[in-house]
Amino acid sequence: MSMKIGILTGGGDCPGLNAVIRGVVKSATGRGWEVVGIEDGFDGFLHPEKCRNLGLEEVRGILPLGGTILGTSNRGNPFSFPMVREGKVELVDVSDEVCSRIEHLGLSALIVVGGDGSLKIAQEMMRRGVPIVGVPKTIDNDLLETDVTFGYNTALETATEALDKLHSTAESHHRVMVLEVMGRYAGWIALESGIAGGADVILIPEIPYDIDKVSEAILARGRRGRRFSVVVVAEGAFPKGGGRVVKEAAGGKSVVERLGGVGEAFSRELGGVLEMDIRVTVLGHLQRGGSPSTFDRCIGSRFGVKAVELIESGAFGHMVCLKGRHITSVPIEDAVRSLNLIDPAGEMVRHAEALGIMLGR
């Protein structure tokens, strides 16, 4: 049966998005279906010119490209859409307009590629009668019900490479080098890159850190003749009795609070108890950019194919996921009921500590 399906990419960008788009288009056109790409997330439905056909020619050569050819937005919630009225920004519900646009386009189904926020919006749109299939995307790897999200592997490689380079300069100058990586509530990037990059201290949101214990661990290294240390800190990490470092509060241009600055805050705190030269590197959006890794190209492509298969079987309201070596699916509501966080008493934390890594406690 011929179908016409839509695809959009929402939330923050990450490597592997184009692999998913390509996988969807190649799989769908092989069935004789039409594919419509919606630009800039759900925002695209509010602008007819942002809805365009995607065929084999449009996805040719995009597999190794970072970012997304459709663009994305982390402010495009149709149930709380920012609009300027009389010089003031108001949040309004434009979901009726989005639903009308989907009907006007004649879409049989919509594929939403996104993280926790985008998939929660997808869940609400499902309740409005829109047939939706989800694809999990986030470099934070904080979605439940999938072993891994695409984009995460490439971000890990970026962070690990940065640690390799910081090691040599830290040792040469006998410094403490602090690397701030992404991770609002989940410290997967910090923990796994820290283990892979030989970090001495790893600070994650799931384990509030004790600055005295961290400083003592660094001093103990010095007594053993190790006159430098490398620290990885997730942007959402915070000290015992303290809170996260917020760069910009929610509201206005930012729908959610913007974190940032924990590396500098931690280094000032550490500098108050250590007489060592401390330098901070903020990896920032470098983690989101660049060509996707082999793993993310492969898993993204397979996720795209599976999304089309779910539509074909009528499995709407489900999200594609990886379980072991198999691509399967789970209800979206199960994937967004909470975040996939690191267990402070879990195996990976225990293994990190067994390697001599200080986790702030």
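Residues numbered from 1 in each chain as written. Predicted model: local features only at pLDDT ≥ 70, side-chain atom pairs only at ≥ 80, totals over all residues. Heavy atoms only, no water.

Looking only at helices and strands, one finds 10 helices and 15 strands in the chain. The C-alpha atoms of the chain give a radius of gyration of 22 Å, which matches the 21 Å a tight globule of 361 residues would have. Principal-axis analysis of the C-alpha atoms places the extent of the chain at approximately 70 × 50 × 35 Å. Per-residue burial for the chain yields a buried fraction of 54% across its 361 residues. In the chain, once contacts between residues fewer than 6 apart in sequence are set aside, the share between residues at least 24 apart is 72%. (Helix = DSSP H or I, 4+ residues; strand = E, 2+ residues; numbered from the N terminus. Rg over C-alpha atoms; globule rule 2.2 N^0.38 Å. Buried < 20%, exposed > 50% of the residue type's maximum accessible area, 1.4 Å probe, protein only. Contact = heavy atoms within 4.5 Å.)

What follows concerns the pairing of strand β8 (residues 176-181). Most of β8 sits inside the fold, with six of its six residues counted as buried. Relative to strand β10 (residues 229-234), β8 is paired through six bridges, and the arrangement is parallel. Its bridge partner being in β10, Leu179 is matched across the sheet by Val232. Pairing of β8 with strand β13 (residues 278-282), which is carried by five bridges, proceeds in the parallel orientation. Opposite Val178, over in β13, you have Val280 as the bridge partner. (Pairing = 2+ DSSP bridges.)

Scanning the entire structure with this criterion turns up 17 salt bridges. With its nearest N and O atoms 2.8 Å apart, the salt bridge here joins Lys50 to Asp40. Here Lys50, found in the loop between β2 (34-38) and β3 (51-53), pairs with Asp40, found in the loop between β2 and β3; they are 10 residues apart in sequence, far enough to count as distant. Here Lys306 makes a salt bridge to Glu309, at a shortest N to O gap of 3.9 Å. Of this pair, Lys306 and Glu309 both sit in helix α8 (residues 294-313), separated by three residues, roughly a single helical turn. Three or more residues joined by partner-sharing salt bridges are found here, namely Glu145, Lys323 and Arg337. (Salt bridge = Lys/Arg side-chain N within 4 Å of Asp/Glu carboxyl O.)

Moving on to the sheet that holds β8. Pairing is parallel in the open sheet, where four strands are placed in the order β9-β10-β8-β13. Of all strands in the sheet, those bounded by a partner on one side alone are β9 (201-203) and β13. Ignoring strand direction, the axes of neighbouring strands in this sheet form an average angle of 20°. Two elements, β9 and β10, share three bridges in a ladder whose sense is parallel. (Axes fitted to C-alpha atoms, helices over the stretch in contact; angles between N-to-C directions.)

Below, the discussion takes up the packing of helix α4 (residues 152-173) against helix α5 (residues 188-196). Where α4 meets α5, the closest approach of the two axes is 9 Å, and the angle between their N-to-C directions is 50°. Here α5 runs oblique to α4, going by the angle between their axes. Crossing of α4 against α5: the hand is right-handed. Across from Tyr152, Ala155, Leu156, Ala159, Thr160 and Leu163 in α4, the residues of α5 making contact are Trp188, Ile189, Glu192, Ser193, Gly194 and Ala196. Along the lines of polarity and charge, the residues of the contact of α4 with α5 split into eight nonpolar, three polar and one charged. (Parallel < 35°, antiparallel > 145°, perpendicular 65-115°, else oblique. Left-handed = near helix turned anticlockwise from the far one by under 90°. Nonpolar A, V, L, I, M, F, W, Y, C, P; charged D, E, K, R; others polar.)

If you trace the backbone, Asp210 turns up in the loop between β9 and α6 (211-223). For the buried residue Asp210, which engages in no salt bridge, the nearest side chain bearing the opposite charge is Lys240, 4.5 Å off. Every residue in contact with Asp210, bar those within four places of it in the chain, is listed here: Lys240 and Gly360. (Lys, Arg positive; Asp, Glu negative; His and termini not counted.)

Glancing now at α5. Three or more residues of α5 are buried, namely Trp188, Ile189, Ala190, Leu191, Ser193 and Gly194. One or two positions beyond α5, positive phi appears at Gly198, with a value near 70°.

All right, on to the side chain of Asn141 then. Considering the arrangement of structural elements, one finds Asn141 in the loop between β7 (132-136) and α4. A relative accessible area of 4% places Asn141 in the buried class. Beyond its immediate sequence surroundings of up to four residues, Asn141 is in contact with Asp147, Val148, Thr149, Tyr152, Trp188 and Asn340.

This part is about the packing of α6 against helix α7 (residues 262-271). Interaxial distance between α6 and α7 falls to 10 Å at its minimum, and their mutual angle equals 70°. Between α6 and α7, the interaxial angle falls into the category roughly perpendicular. On α7, the residues touching Ile211, Val214, Ser215 and Ile218 of α6 are Phe266, Glu269 and Leu270.

With that settled, consider the sheet that holds β2. Read across the sheet, seven strands follow the order β3-β2-β1-β6-β7-β14-β15 without closing on themselves; strand pairing throughout is mixed. Both edges of this open sheet fall to β3 and β15 (326-331), since each of them pairs with a single strand only. On average, each strand axis in the sheet is inclined to that of its neighbour by 30°, with strand direction left out of account. The sheet strands contacting helix α1 (residues 17-29) are β1 (4-9), β2, β6 (109-114) and β7, and the helix crosses β1 at an angle near 175°.

Scanning the model with the defined rule gives three aromatic pairs in all. Taken together, a centroid distance of 6.4 Å and an interplanar angle of 45° make the contact between Phe42 and Phe45 tilted. A relative accessible area of 5% places Phe42 in the buried class. Measuring from centroid to centroid gives 6.4 Å for Phe150 and Phe303, while their planes differ by 75°, and the two rings are edge-to-face. Taken together, the residues span a long stretch of sequence, with Phe150 in the loop between β7 and α4 and Phe303 in helix α8 at a distance of 153 residues. Residue Phe150 is classed as buried on the basis of its relative accessible area, which comes to 0%. (Phe/Tyr/Trp six-rings, centres within 6.5 Å; stacked < 30°, edge-to-face > 60°.)

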